[in-house]
Structures are given as C-alpha cells and as structure tokens.
Amino acid sequence: MKIEIIGWKTEGLRCPDMEINLLSGVNPVHVSLIQMPNGTAKTTTLSLIRAAMNGEADKWGAEKVKSFRRVNKFNSEGKFTLDLRVDEKRLTFELDFDFEEGTVNYSTISPSLGGIIPKWEPPPSLYRFLNQKFVQLFIFDGEFAKDLLDSNKTHASQAIDSLFQLYLLDEIKRFIDKDWNQKTEKKASEQRGLTRQRNKVNGLRERIKKVEAIKDRKQEELNLLERESQDLETKIDEYNSQNQDLYQQLTENKEEKGKAEEEVKSRITDIMMQIRQPQYLHESFISDLIELKDKLDKAKLPEKASRQFFTDILEEEKCICGRELDCETREEIQRRANLYLSDDTTAFLNSLKEDIRNKLTPEKPEKFVNLLTENIEGLKTDIEVRQYAETKCRTIDNRLTEQGDTQLKSWQKSLVDKEIEKSDLERLLEQINRTPNHRDDPKNYEKNLCIQSLKKWLKEEEEKLAEISNTVELTKKKQILQKIIDESLKKAKIKLTDSLIEECNGYLDIVLERDPIHIDKIENSLYLKGQKEASMGQTLSVGYTFLTTLLDRGQHKFPLVVDSPANAIDATVRRAIAKQIPDLCHQFIALTISTEREGFTDTLNNNSRFTTPNKNSRSTKFVTVFRKTKGTEKLQNTLPSEGVTQTENCVIVEGKEYFDKFDLEEYEDDI
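On a predicted model such as this, the values are computed, not experimentally measured, just so you know.

What counts, and at which threshold
Residues numbered from 1 in each chain as written. Predicted model: local features only at pLDDT ≥ 70, side-chain atom pairs only at ≥ 80, totals over all residues. Heavy atoms only, no water. Helix = DSSP H or I, 4+ residues; strand = E, 2+ residues; numbered from the N terminus. Areas by Shrake-Rupley, 256 points an atom, 1.4 Å probe, with all protein chains shown as cover. Patch = residues over 30% accessible without salt bridge, like charges linked within 9 Å, V, L, I, M, F, W, Y side chains within 5 Å. Salt bridge = Lys/Arg side-chain N within 4 Å of Asp/Glu carboxyl O. Buried < 20%, exposed > 50% of the residue type's maximum accessible area, 1.4 Å probe, protein only. Pairing = 2+ DSSP bridges. pLDDT = per-residue confidence, 0-100. Contact = heavy atoms within 4.5 Å. Axes fitted to C-alpha atoms, helices over the stretch in contact; angles between N-to-C directions. Disulfide = S-S within 2.5 Å. Expected span 1.5 Å × (residues − 1). Phe/Tyr/Trp six-rings, centres within 6.5 Å; stacked < 30°, edge-to-face > 60°. Lys NZ or Arg CZ within 6 Å of the ring centre and 35° of its normal. Core = buried A, V, L, I, M, F, W, Y, C linked by side-chain atoms within 4.5 Å. Lys, Arg positive; Asp, Glu negative; His and termini not counted. Polar contact = N/O pair within 3.5 Å; in protein donor to acceptor, adjacent residues only side chain to side chain. Right-handed = clockwise from strand over helix to strand, strands pointing away.

**Description of the overall build of the chain**
Reasoning step 1: In terms of regular secondary structure, the chain is built from 21 helices and 17 strands.
Reasoning step 2: Here the chain displays about 37,900 Å² of accessible surface, and carbon together with sulfur accounts for 48% of that area.

Encoded structure:
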C-alpha cells in the first residue's frame, strides 16, 4: 500500500486561510518544503493533518475544539480539508468545526466508497494504519522523536509492532479462541452445565482484559507522576541552591536527622530483644531461674527421664531388670511412657539449663535491669535528638519557603500531593502484579486484581470446559498453536530489532560522524550504547534515523511529515540527515522556518529524485507562507510576479528563489 499527501486547505481556523498543493503535474513531489515563520501555526497545521488521518477529533472536548478558532475572531465555523492518494486513488477527509457547539464533524470523500460519507470512514484496508499510534510514526514533531529515547514510554516497540503488523499474531490468537468457542458449542450444546462453564471462562477472559487495561493505564499515570515529581524536585532544589547558606544548613541537618533516625531504630531493636528475656525485667527472675536449674539438676532431668528411653526398651527382648517382655507388659510400658518427657522437651530443657548456666550469675543481678533502664533512657534521649533535628530541618525549610514566592510554595504542595498519588498507584500496581496467595478466591474473581491468579483460574476453567464439551484434544491443540504464536512473535521481534539496530547504526556513523553514537538495544524505547541521554540534536538525529529506516523497511509506503525538522541540529548534521532522508522515504514534507535553511533545504533538493528526463529538474517544491499583518506589509508589496496566491489573511508563494531569500524576522506566535 502507498499513501501520499496531495495537499490541504484551511478556512476560518487559527492558522491562516491557505491551500497547499503538493502536486507537480499529476504526481506529488518527492520533497515538499513549506516555510512558515512563527505565527503561521505550524504545530496547529501538523495537528490538523494528524487528526484528519486518524479520526481523533471525534473525541475532542468542546474547549479544545474552540481553541482552534483564531483569537479575537468570532466566526462560528471553520474547516480543514486533507487530500490523499492511496494506491493512485483519491481519498479526502474534511473536518467541519462548529465553534458555537464545540464539535467537529467528519466527512470522507472517495469514489471507491461511493462518494461522500458523513463521518470518518477510510477504506477497510486503511483502518489498521490510520490509528493514533501508527499515524504519529510518519506525522511527528521533535517531541515524539525525544520520546523514542524515554524509557517510561513505549513508542519504539509500538512503532515496530505497528509497521511490521506483528499485532496480527495476537489477532490470530483471538481468532483461535473464537473458533474454539464455536466448536465446543456445536459439539456439546446439550450437555448439562456447559453454558454456565462457558460463561465462567468468558467472564475470566474479560476480567483479565479489564485488569490488564487498568494496569497499563495506571502504569502510564505513575510514569507521568514520577516525571512530574522529578521536575518539581529539580525546580525546588535549583531554587533552594540559590540560598546557598540555608541550603547547606538544610543538607547538613538532613544528614543529622538521618543519623538520629538510625540511632532510634537501633535502640528500639535492642530494647525489644531485652524485654523478651525475663532477667532484664526484674531481679527476682534471675534468682528464680537459677533455682529452677538447680532443681532440674537435682531431679536429674531431663537426661534420665526421657520418653525415648522407654520407647527404646520396647524394641528389646528383655526389660532392663532382666525379665522377659510379653505383649501385656509391652502395652503397659507404651502407655506409661507418655508420662515422661519427649525428645523435644528434653532438648528444650537442656537448652534452658545451658542458657541459665552461661548467661545468669547470682553476682550483681541488678546489672541486667540497669541495662534495660539505661537503654530506655537512651531511647528517650535519641528521640529528643531526632525531634530536634526534625525541627531544625523544618525551620530552615520554612525560611526557604518564606523567602520564596507563591510559586515555590505551590511546587512544594504539588510535590506532596503527587507523592501521595504515587503511593496509591504503586499499591494498586503491586496488587495487580503480586504472586497468588491463599486469600484469592476464584468464586469472587470479578473483584480480584491479581493477574497471575486470574490466568491460573482461566487455564483451570478452560480445561473443565474442554472436559464437559468433549474437546480435550482440541483444547491441547489450541494451547500448542497459541504457544507457537507467542514464540514466533518473540523471535520475530528479536530478529527485526537486531537488523534495525545494525542498519540504524550504519546511518548514524554517517549522520553523526563528528560525534558518533549508537543504538544499543530496542525495548520499550531506544537505548543508547554507553550513555543514558543525548543532546537535542543527537536525539532528533537518532529519531529521524530510526523512523526513516523503519518506514523504509516495510512493504507499505507512507509520507513523512515533520514540524521544524532541523531547528535543534547543527549545519553539519543537517546536511548528513538531509542527504539520507530522500533515499529512505518516498514523500517528505517539512514545515520549516527560515533559520533551518542552512545546510538542510539545498541538500534535500540536491538529493531528491528526478521526475523528468531533464537532469536539472528536481522533484522538490518550495512554498513560503506568511500572514497578512502590519508587520508584513513590506513583504506584500515586494512579491514576485508569478507563483503567488493570496487569501484574506495569508500569502502563499511557490518558488525556490523567493524561498531562499525570504528572511522575515520571526515574530511571536499570537494564536
């Protein structure tokens, strides 16, 4: 499948009214460079293109919809139109904005669909590509490229799954389950209890799906909270570090507080060990324990009064006194042996006597009680020291807060709130990820959050269903097939990621030859070899290299649309990236500003593919867009004689000469 963007049109939105045509003759150009200075809403345009392709505007709230209306304008409607060509067939998405109601209505126009359809309705073959996660692979900004290196996000692995359609293996597993359900129903539709058992199996499947969705959602929330908490801590530390003296005092007092807390914990441990031993509680216990040992010695216990002694006699032919043992005598000895000590009791008494002998002496028995008293008094002192350290920390912290503004206080309050939210989420995720325990009740699986227990019960209930429906053999085949699919998915990911890493690193050696970096592995995100972070320029370079290589590897072709593609990259790296891009994607569209021209646009043009036999003609379109304002009146008066289109609030100029000379001083985006 080949998807191309022909152009787009905006009316009544916060971006200027314009119509962008990317055709050269009947075909879209290879490279389209659209120069849009700050104020012409590049980011808004990119958002609209993305929304047109993935249908997400249906879920926008009223406030977001209304935010697309130009500030200080009161028009009630707006419109965005995106024209595509899919396998040489025209496909158009229209977004009609109602700013009064705060809604967006889609229309889809395609001859293959029978004309105009009043909703977002791409052809069925496009559905799996035009979803939010996949569309952001080829319509993206620098933030998405940065997210590829963020270990808290899953864009890199999702990109591979989406482009190579690995999710189809999961669909096969679902189809197997569906087919298995149908066959079991046909084979045993009249058997007793089958419906009830099938409902239980389906209920467990739905519960697992629901809990896994909760887990994914809560993990994303936790990741976001962790990043936000870290940002707040950094802001607070940076502010506090400006008050160097107080900050130093706070650091030292926090160390004192930590030491005091350790002292308290250590003291409590000692006291708890002592109060479990009676000699530390009162002097009278010592003399009583010594007396107990003496009496045990006098009674010659436990050595000669062991129950085992009499049990051993039963194994002999004669008693210790020399008499023959008959059955009646043996039964009486067996009965009376229970009156004596068991081996366990013997061991205990021996251990008790040994402890009394080694640890207790009649001289100065009060030293034990005094030691416990000293520890208790010491604990009181340790607690006072800890409280004093806490008070000093709190006092300095308050002074830092008082010297700060309301923003600092807001950061501190927000940090406390986020830590509480994090604790709640961590407890919930711990409950979901924990191992099964004896309290898990399969009868109440609807309330259980332990995924391992739920999956264990599902396997058991599926086996019961197979027995009831006489499909035990079919169930085994289903399980084997699903295991094969799981292994295939695992191996496919390994082979794809290994080959992608090798190819990406080859390009990175070229793109970042002055300061090369390499991709080490691809899991949820991209991991760099020998470093955790990279500069913004390196991050963008890695992101472009990964995505363009990925898009080039698949059998399907997609356009690559980028907002400010070279803004954070130096000229040398720009040239290297611009040289690679035309070879790795069949259509490249860049929304740029004037400062990105150096080292980027000419290199792109020189490496774009030829479209005519004339070797001097390149498949590149240069477009410059700017608003009509008082600040651009001079530009409006010096426009070229050809290639100019004007609307009520916008000027569109086609041509490389004007593109290269355009150097409007960037002004603030006032949308």
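**Some points on a nonpolar patch on the surface**
Reasoning step 1: Nonpolar side chains collect at one region of the surface, where Ile268, Met272, Ile275, Leu281 and Phe285 lie side by side and expose about 400 Å² of accessible area between them.
Reasoning step 2: Given the relative accessible area of 42%, Leu281 is considered partly exposed.

**A few points about the sheet that holds strand β14 (residues 588-592)**
Within a sheet, adjacent strands bond to each other through the backbone by hydrogen bonds, running parallel or antiparallel.
Reasoning step 1: Taken in spatial order, the seven strands of this open sheet run β10-β13-β14-β5-β15-β17-β16, and their pairing is mixed. The sheet is open, and its two borders are formed by β10 (139-140) and β16 (644-646), each paired with just one other strand.
Reasoning step 2: Here five bridges tie strand β5 (residues 31-35) to β14, and the two strands are oriented parallel to one another. Among the inter-strand pairings, Ile34 is bridged to a residue of β14, identified as Leu591.

**Observations regarding the confidence of the model for the chain**
Reasoning step 1: Averaged over every residue, the pLDDT of the chain is 81; residues scoring 70 or more account for 86%.
Reasoning step 2: In this model residues 611-617 is a low-confidence stretch, pLDDT under 50, and it forms five contacts with partners more than four residues away in sequence or in other chains.
Reasoning step 3: Long-range and interchain partners of residues 666-671, a stretch whose pLDDT sits below 50, account for 19 contacts in this model, where long-range means more than four residues apart.

**Comments concerning the sheet that holds strand β9 (residues 115-117)**
Reasoning step 1: Spatially, six strands are ordered β2-β1-β6-β7-β8-β9 in an open sheet, and the strand pairing comes out antiparallel. The open sheet is flanked by β2 (18-21) and β9, the only strands paired with a single partner. The sheet shows a mean angle of 15° between the axes of neighbouring strands, taken without regard to direction.
Reasoning step 2: Lying over the sheet, helix α1 (residues 42-54) contacts β1 (3-11), β2, β6 (77-86), β7 (89-98) and β8 (103-110), oriented at roughly 65° with respect to β6.

**As for the pattern of salt bridges**
Opposite charge on two side chains makes pairing possible when the charged atoms of those side chains draw close.
Reasoning step 1: This model, assessed by the stated rule, comprises 28 salt bridges.
Reasoning step 2: In this structure, Glu121 engages Lys119 in a salt bridge whose closest nitrogen and oxygen atoms are separated by 3.5 Å.
Reasoning step 3: With relative accessibility at 45%, the residue Lys119 sits in the partly exposed group.
Reasoning step 4: One salt bridge connects Arg267 with Asp382, and the closest N-O pair in it is separated by 3.0 Å. In this pair, Arg267 is assigned in helix α8 (residues 244-275) and Asp382 in helix α13 (residues 366-403), connecting sequence segments 115 residues apart.
Reasoning step 5: Here Asp382 falls in the buried class, since its relative accessible area comes to 10%.
Reasoning step 6: One connected set of salt bridges, linked through shared partners, spans Lys2, Glu4, Arg85 and Glu88.

**Side note on the state of the cysteines**
Reasoning step 1: Enumeration over the complete set of coordinates arrives at zero disulfides.
Reasoning step 2: Cysteine Cys321 is unpaired, with the sulfur of Cys319 as its nearest cysteine sulfur at 3.7 Å.
Reasoning step 3: Taking the relative accessible area as the measure of exposure, Cys321 reaches 52% and is therefore exposed.

**Here's the deal with α1**
Reasoning step 1: Under the 1.5 Å per step criterion, the end-to-end length of α1 is 19 Å for 13 residues, consistent within 8% with the ideal 18 Å.
Reasoning step 2: In terms of burial, α1 is a largely internal element, eleven of the 13 residues being buried.
Reasoning step 3: Directly after α1, the chain includes Gly55, whose backbone phi takes a positive value near 75°.

**Observations concerning the packing of aromatic side chains**
Reasoning step 1: Per the counting criterion, the structure on display carries 13 aromatic pairs.
Reasoning step 2: Relative to Phe662, the ring of Phe626 lies with its centre 5.8 Å away and its plane at 20°, an arrangement referred to as stacked. In this pair, Phe626 is assigned in strand β15 (residues 620-627) and Phe662 in the segment after α21 (656-661), connecting sequence segments 36 residues apart.
Reasoning step 3: Ring pairing ties together the aromatic residues Trp60, Phe68, Phe97 and Phe99, which thus form one cluster.
Reasoning step 4: Note that Arg14 overlies the ring of Phe68, its terminal NZ or CZ placed 4.6 Å from the centroid.
Reasoning step 5: The ring of Tyr527 has Lys521 sitting right over it, with the charged end atom 4.9 Å from the ring centre.

**Observations concerning the nonpolar core**
Soluble, globular proteins show a tendency: their nonpolar side chains are buried together.
Reasoning step 1: Residues Trp8, Ile34, Met53, Phe97, Phe546 and Phe588 are the most contacted members of the largest nonpolar core, which totals 95 residues.
Reasoning step 2: Discounting residues that sit within four places of it in the chain, Phe588 has contacts with His30, Val31, Ser32, Leu560, Val562, Pro565, Ile581, Phe600 and Leu604.
Reasoning step 3: Counting 15 residues, the second-largest nonpolar core is a separate cluster that includes Trp180, Ile208, Val211 and Ile432.

**Structural notes on the environment of Glu212**
Reasoning step 1: Inspection of the secondary structure assignment puts Glu212 in helix α7 (residues 194-242).
Reasoning step 2: The sequence separation of Glu212 and Cys450 amounts to 238 residues, and the corresponding C-alpha distance is 9.9 Å.
Reasoning step 3: Excluding anything up to four places from it in sequence, Glu212 contacts Ile451 and Lys455.

**Quick word on unusual backbone geometry**
Reasoning step 1: With a phi angle near 50°, Asp87 is a residue other than glycine that sits in the positive phi range.
Reasoning step 2: Along the polypeptide, Asp87 turns up in the loop between β6 and β7.
Reasoning step 3: Phi angles above zero are rare outside glycine, and Glu88 is one such case at about 70°.
Reasoning step 4: Here Glu88 shows up in the loop between β6 and β7.
Reasoning step 5: Since its relative accessible area comes to 53%, Glu88 is described here as exposed.

**Notes on the pairing of β2**
Residues in a regular strand project their side chains so that they alternate between the two faces of the sheet.
Reasoning step 1: Only one face of β2 is covered, namely the one carrying Met18 and Ile20; the face carrying Glu19 and Asn21 has none of its residues buried.
Reasoning step 2: Examined bridge by bridge, β1 and β2 share four bridges and lie antiparallel to one another. Paired with Thr10 across the two strands is Met18, which belongs to β2.
Reasoning step 3: Where β1 hands over to β2, the hairpin turn is made up of six residues, of which Gly12 adopts a positive phi near 70°.

**A few points about the environment of Val201**
Reasoning step 1: On the secondary structure map, Val201 appears in helix α7.
Reasoning step 2: The residues touching Val201, leaving out its near neighbours within four places in the chain, are Leu458, Glu461, Glu462 and Leu465.

**Here's the deal with the side chain of Asp17**
Reasoning step 1: You can see Asp17 is positioned in the loop between β1 and β2.
Reasoning step 2: The buried charged residue Asp17 lacks any salt bridge partner; its closest oppositely charged side chain belongs to Arg627, at an N-O distance of 7.5 Å.
Reasoning step 3: Polar contacts involving the side chain of Asp17 include one to the main-chain amide nitrogen of Gly12, which spans 2.9 Å.
Reasoning step 4: If we skip the residues at most four places from it in the chain, Asp17 touches Thr10, Glu11, Gly12, Thr647, Asn649 and Cys650.

**So, the environment of Asp660**
Reasoning step 1: Its place among the elements puts Asp660 in helix α21.
Reasoning step 2: Spatially, the C-alpha atom of Asp660 lies 8.2 Å from that of Ser594, the residues being 66 residues apart in sequence.
Reasoning step 3: Ignoring sequence-local partners within four residues, the contact set of Asp660 consists of Arg597 and Asp602.
Reasoning step 4: In this structure the side chain of Asp660 is engaged in a polar contact, spanning 2.6 Å, whose partner is the side chain of Lys656.

**Points about the pairing of strand β13 (residues 560-563)**
Reasoning step 1: Here β13 shows no split at all, with Leu560 and Val562 on one side and Val561 and Asp563 on the other all buried.
Reasoning step 2: Alignment of β13 against β14, held across four bridges, turns out to be parallel. Following the sheet pairing, Val562 is matched in β14 by Ala590.
Reasoning step 3: In the classification by handedness, the crossover that spans β13, the intervening helix α18 (residues 571-584) and the parallel β14 is right-handed.

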